[in-house]
Amino acid sequence: VTYFYLFGCLQGFFLTVSPEAVLKVAAQASANNKIFSLNLSAPFISQFYKEPMMKVMPYVDVLFGNET
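These figures come from a predicted structure and were not determined experimentally. (Residues numbered from 1 in each chain as written. Predicted model: local features only at pLDDT ≥ 70, side-chain atom pairs only at ≥ 80, totals over all residues. Heavy atoms only, no water.)

**Student:** Any chance you could break down the overall build of the chain for me, citing the residues and the numbers?
**Tutor:** The number of helices and strands found in the chain is four helices and three strands. Put simply, the chain runs from its N terminus to its C terminus through helices and strands in the order β-α-α-β-α-α-β. Looking at the chain as a whole, 31% of its 68 residues are labelled buried. Here the contacts in the chain between residues at least 6 apart in sequence split such that 73% fall between residues at least 24 apart. Just so you have it, the chain exposes about 4,500 Å², and 59% of that area is on carbon and sulfur atoms. (Helix = DSSP H or I, 4+ residues; strand = E, 2+ residues; numbered from the N terminus. Buried < 20%, exposed > 50% of the residue type's maximum accessible area, 1.4 Å probe, protein only. Contact = heavy atoms within 4.5 Å. Areas by Shrake-Rupley, 256 points an atom, 1.4 Å probe, with all protein chains shown as cover.)

Quick look at the structure:
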């Protein structure tokens, strides 16, 4: 099984810099029946980058949250 995983600050900064790339990776994982997981450890992502984050959500198989 191949996993696509964007974690911690990489996920946060990656969504802030290139949400299109994150969406492409997520779509590629889905098209190839692979698991895509997303980590929301940086609270500012859901606060300030909600739109690109929500575009990726339909492709997320495993979502890691945070206490915030």
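**Student:** Go over unusual backbone geometry, please, and point to the residues and values.
**Tutor:** Unlike most non-glycine residues, asparagine 33 shows phi in positive territory, near 55 degrees. Topologically, asparagine 33 is positioned in the loop between helix H2 (19-31) and strand E2 (35-39). Relative accessible area serves as the criterion here: at 73%, asparagine 33 is assigned to the exposed category.

**Student:** Describe the pattern of salt bridges, naming the residues involved and giving the relevant values.
**Tutor:** Applying the stated rule across the entire model yields one salt bridge. The residue glutamate 51 makes a salt bridge to lysine 55 at a minimum N-O spacing of 3.7 Å. In this pair, glutamate 51 and lysine 55 are both assigned in helix H4 (residues 50-56), four residues apart and thus about one turn of the helix distant. (Salt bridge = Lys/Arg side-chain N within 4 Å of Asp/Glu carboxyl O.)

**Student:** I'd like to hear about the packing of aromatic side chains, residue by residue, with values.
**Tutor:** Taken as a whole and judged by the stated rule, the model has one aromatic pair. Ring geometry for phenylalanine 44 and tyrosine 49: centres 6.4 Å apart, planes at 75 degrees, overall edge-to-face. (Phe/Tyr/Trp six-rings, centres within 6.5 Å; stacked < 30°, edge-to-face > 60°.)

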